[in-house]
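# Close look at the chain arrangement
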Amino acid sequence: MVTAVIPIVRSYNPNSIIPFPINEECIKSLEMALLMPTSANYFYDYLENCCMNKDALIYFGLYADIRTYLRLHEEGTSETLLRKHAELIFGDYINEER
């Protein structure tokens, strides 16, 4: 009763806190979750405090910088600014010293 029935019954109780609309496509898409400020903050907090891989914050930063670069490209930013941003990404993440 305690280890099976009660947890199963509780799993059917509605959750009043839903940070974004949940559907199968949303659950499968990390990008969708990371675009939402609430879920991105929770994910960042998880990486900072609970994740065993200490490089995870670096990966998260790389992802954010690449998304910024892609957004700039989609907006038609000048070639000079795109190159400058790409060089920053290279220097911060790909360069042998990093």
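Right, let's walk through the structure included here. Note that the coordinates shown come from a computational prediction; the quantities given were computed from them, not determined experimentally. (Residues numbered from 1 in each chain as written. Predicted model: local features only at pLDDT ≥ 70, side-chain atom pairs only at ≥ 80, totals over all residues. Heavy atoms only, no water.)

## As for a nonpolar patch on the surface
A cluster of nonpolar side chains, namely Met1, Val2, Val5, Ile6 and Val9, defines an oily patch on the protein surface of about 480 Å² accessible area. Examined against the element boundaries, Val2 turns out to sit in the segment before α1 (5-11). A residue is classified by how much of its surface remains accessible, and Val2, at 64% relative accessible area, is exposed. (Patch = residues over 30% accessible without salt bridge, like charges linked within 9 Å, V, L, I, M, F, W, Y side chains within 5 Å. Areas by Shrake-Rupley, 256 points an atom, 1.4 Å probe, with all protein chains shown as cover. Salt bridge = Lys/Arg side-chain N within 4 Å of Asp/Glu carboxyl O. Helix = DSSP H or I, 4+ residues; strand = E, 2+ residues; numbered from the N terminus. Buried < 20%, exposed > 50% of the residue type's maximum accessible area, 1.4 Å probe, protein only.)

## Description of the packing of aromatic side chains
Here the structure, examined in full by the defined rule, presents two aromatic pairs. Their ring planes at 50° and their centres at 5.7 Å tell us that Tyr44 and Phe60 sit as a pair that is tilted. Placement of Tyr44 in helix α4 (residues 37-49) and of Phe60 in helix α5 (residues 56-74) is noted, with a sequence separation of 16 residues between them. Tyr44 gets classed as partly exposed once you look at its relative accessible area, which sits at 35%. Judged by its relative accessible area of 16%, Phe60 falls in the buried class. In this structure an aromatic cluster arises from ring pairing among Phe43, Tyr44 and Phe60. (Phe/Tyr/Trp six-rings, centres within 6.5 Å; stacked < 30°, edge-to-face > 60°.)

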